[in-house]
Amino acid sequence: MITELSLHERTLSLFRYPKRNNETLQAWDAGDEYLINHVEEMGLESNQHILIINDNFGALSCWFSEKHRITMMSDSYISHQGTQANLQRNHCPDVNMITTMDDVPSDVDLVLIQLPKSNRHLVWQLSQLRCALKDTVPVIAVNKAKEIHTSTLKLFEKHLGETKTSLAWKKHRLVFSSANSTTINQVSPNTQWSVDKENITLNNLPNVYSGESLDLGARFMLEHLPTNPGIKHVLDLGCGNGVLSIKMGQLNPDIKLTCIDESFMAVESARQNLISNLGSERDIECIANNCLDGMPATDVDMVMCNPPFHQQQAITDHIAWQMFCDAKQILSVGGQLLVIGNRHLGYDGKLSRLFGKSNVKVVAANKKFVILQATK
Ligand SMILES: C[S@@+](CC[C@H](N)C(=O)[O-])C[C@H]1O[C@@H](n2cnc3c(N)ncnc32)[C@H](O)[C@@H]1O
């Protein structure tokens, strides 16, 4: 796996986050290279204020911080940590880091965007740029050519302004736009809906997982969460909008709930949703983290987990594995990890390896999903 990005007679050493010994995936892609080459050819004066949105592991922030003032904006805690680690590794100057819930700085000279996976998040980002930027500020986005559809360009035209694309290079394409649309479309960051057959209403900020409708796995899990007076503290690992915690809190009115997600918008949505559905008197904590990094073993009786199988664009099961290992660390003896997954993902094998085969049981299964309980 290559860790040296060499362009224009300069080399950066870049790793994904967290850094893993057996990593097979690179910390940057051809889209980052295309943007770097393009901006280098623009011949920018130095000390411009560049806003870099959705920088995955900081390749762009590291590159451009040498000569420019950088604001890195991302919803991902992992991207923040990865960028910070790569900046330090390469002795780069400091970069201002903000989330996509923060205001777009008003004095930006150039915007570079790695297009986000979710169109709702893209529309939110474009609408924020339209409100904050002068129409003279170039906005250059990048993605795999096959991911840039006519509908993507229409979103740019509608929410930002005039838009053109480049030729493809290494299967990537650039999108050139500026904040000059004749009308400003007001975009709300909130999407609200009620969960069928439950007394739960959820607000979803733009980048929350399954923010437009309930995840099918979560639906199945809701039907099998326990009422158990012995449980005092439940941790929701990869909480998304907090739906599992809300149900658990309704079934068990005295429990403490800790919600963890690597998306800042998920953490904020979960916080709002727990308060609006359970009341403001409950003992809750919502925290952005990579799995349970650095969290001390406390009195956790149960961890609930509907694990992700993507990290940015890459399909991977290392996060699920990390979540299971961290859950085992943090659980008190006798505590339970409750996991839902597609049947084909083989989580039973992973849990048996960690907890011992006799401590893993199937709580429920249907054609698509299986819910497993592992006891420490
Ligand atoms: C399949 S979704 C489940 C969301 C919610 N619990 C539900 O059941 O609808 C997985 C969640 O894990 C989060 N996630 C992904 N990688 C993570 C990591 N390394 N640490 C913490 N959360 C992570 C994602 O942002 C996403 O919200």
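About the thresholds
Residues numbered from 1 in each chain as written. Predicted model: local features only at pLDDT ≥ 70, side-chain atom pairs only at ≥ 80, totals over all residues. Heavy atoms only, no water. Helix = DSSP H or I, 4+ residues; strand = E, 2+ residues; numbered from the N terminus. Rg over C-alpha atoms; globule rule 2.2 N^0.38 Å. Buried < 20%, exposed > 50% of the residue type's maximum accessible area, 1.4 Å probe, protein only. Contact = heavy atoms within 4.5 Å. Areas by Shrake-Rupley, 256 points an atom, 1.4 Å probe, with all protein chains shown as cover. Lys, Arg positive; Asp, Glu negative; His and termini not counted. Charge placed at Lys NZ, Arg CZ, Asp CG, Glu CD. Pairing = 2+ DSSP bridges. Phe/Tyr/Trp six-rings, centres within 6.5 Å; stacked < 30°, edge-to-face > 60°. Domains from an automatic or database assignment. Buried area = accessible area lost by both parts, 1.4 Å probe. Salt bridge = Lys/Arg side-chain N within 4 Å of Asp/Glu carboxyl O. Near = heavy atom within 4 Å. Polar contact = N/O pair within 3.5 Å; in protein donor to acceptor, adjacent residues only side chain to side chain. Nonpolar A, V, L, I, M, F, W, Y, C, P; charged D, E, K, R; others polar. Axes fitted to C-alpha atoms, helices over the stretch in contact; angles between N-to-C directions. Parallel < 35°, antiparallel > 145°, perpendicular 65-115°, else oblique. Left-handed = near helix turned anticlockwise from the far one by under 90°. Disulfide = S-S within 2.5 Å.

Asker: For this particular structure, what's the right way to read the overall build of the chain?
Answerer: In terms of helices and strands, the chain carries 10 helices and 20 strands. Rg of the C-alpha trace for the chain: 22 Å, near the compact-globule value of 21 Å for 376 residues, within the 12% margin. Within the span of the chain, comprising 376 residues, buried residues form 55% of the whole. The contacts of the chain with a sequence gap of at least 6 include a subset with a gap of at least 24, amounting to 68%. Carbon and sulfur atoms form 48% of the exposed surface of the chain, whose accessible area is close to 17,100 Å². Between the centroid of the 35 positive side chains of the chain and the centroid of its 40 negative side chains there is a distance of 8 Å.

Asker: Teacher, can you tell me more about the pairing of strand β2 (residues 10-13) here?
Answerer: Successive residues of a regular strand alternate their side chains across the two faces of the sheet. Bridge count between strand β1 (residues 4-7) and β2: four bridges; the pairing is antiparallel. Note on β2: the bridge partner recorded for E4 is S13. Hairpin connection, β1 to β2: the antiparallel pair is bridged by two residues, and H8 has positive phi, about 50 degrees.

Asker: Sorry, what's going on with the packing of aromatic side chains here?
Answerer: Centre distance and the angle of the planes are the two values used to describe a pair of aromatic rings. By the definition in use, this model includes three aromatic pairs. An angle of 50 degrees between the planes, with centres 5.3 Å apart, marks the rings of Y34 and W169 as tilted. With Y34 in helix α1 (residues 30-42) and W169 in the loop between β8 (163-165) and β9 (172-177), the pair connects residues that are 135 residues apart, well separated along the chain. Note on Y34: relative accessible area 13%, which makes it buried. Here W169 falls in the partly exposed class, since its relative accessible area comes to 28%.

Asker: What should I look at first to understand the domain arrangement of the chain in this one?
Answerer: Note: interface size is frequently given as the accessible area lost on complex formation between the parts. Segmenting the chain into domains produces domain 1 (4-178) and domain 2 (191-375). Domain 1 and domain 2 are separated by 31 Å when their C-alpha centres are compared. In this assembly, 23 residues from domain 1 lie in contact with 22 residues from domain 2. In terms of surface lost to domain 2, no three residues of domain 1 exceed D75, Y77 and R120, which account for 34% of the buried area on that side. Run the count over domain 1 and domain 2 and you get one salt bridge.

Asker: Just to check I follow, could you spell out the site of the ligand for this structure?
Answerer: Looking at the ligand, there are 18 residues lining it, with G238, D261, N290, C291 and N306 nearest. Between a nitrogen atom of the ligand and a main-chain N or O atom of C291, the distance comes to 2.8 Å. In isolation the ligand offers 600 Å² of accessible surface; the protein chains occlude 93% of this area. Here the residues of the shell around the ligand are counted per class, giving 10 nonpolar, five polar and three charged.

Asker: I would appreciate a short explanation of the packing of helix α4 (residues 119-132) against helix α5 (residues 150-159) in the present structure.
Answerer: Think of two packed helices as two axes; the pair is described by the angle between the axes and how far apart they sit. Contact geometry for α4 and α5: axes closest at 9 Å, N-to-C directions at 30 degrees. With respect to α5, the element α4 is oriented roughly parallel. As for how α4 packs across α5, the hand of that crossing is right-handed. In contact with N119, L122, V123, L126, S127 and R130 of α4, α5 contributes T152, L155, F156 and H159.

Asker: Explanation requested: the sheet that holds strand β4 (residues 69-73) in the structure shown.
Answerer: Either a parallel or an antiparallel arrangement is found when strands of a sheet pair, and the pairing is made through backbone hydrogen bonds. Ordered in space as β5-β4-β3-β6-β7-β9-β8, the seven strands form an open sheet in which the pairing is mixed. With partners counted over all chains shown, the strands left at the sheet margins are β5 (96-98) and β8, one partner each. Between one strand axis and the next, the sheet turns through 20 degrees on average, direction left out of account. Looking at chain direction, strand β3 (residues 49-53) and β4 are connected through five bridges and run parallel. Following the sheet pairing, I50 is matched in β4 by I70. Sheet contacts for α1: β6 (110-114), β7 (139-144) and β9; angle to β9, the most-contacted strand, approximately 50 degrees. Docked against the sheet, helix α3 (residues 77-89) engages β4 and β5, running at close to 170 degrees with respect to β5.

Asker: What is the right way to read the state of the cysteines from this model?
Answerer: Each disulfide consists of a covalent bond between the sulfur atoms of two cysteine residues. Evaluated as defined, the whole model comprises zero disulfides. Take C92: it sits in no disulfide, and the sulfur closest to it among the cysteines is that of C62, at 4.2 Å. The cysteine C291 is free of any disulfide, with C305 supplying the nearest cysteine sulfur at 8.1 Å. The class of C291 is buried, set by a relative accessible area of 5%.

Asker: In this structure, what is going on with the side chain of N143? I would like to understand it.
Answerer: Looking at the secondary structure, you find N143 in strand β7. When near neighbours in sequence (up to four residues on either side) are disregarded, N143 contacts L115, I148, H172 and R173.

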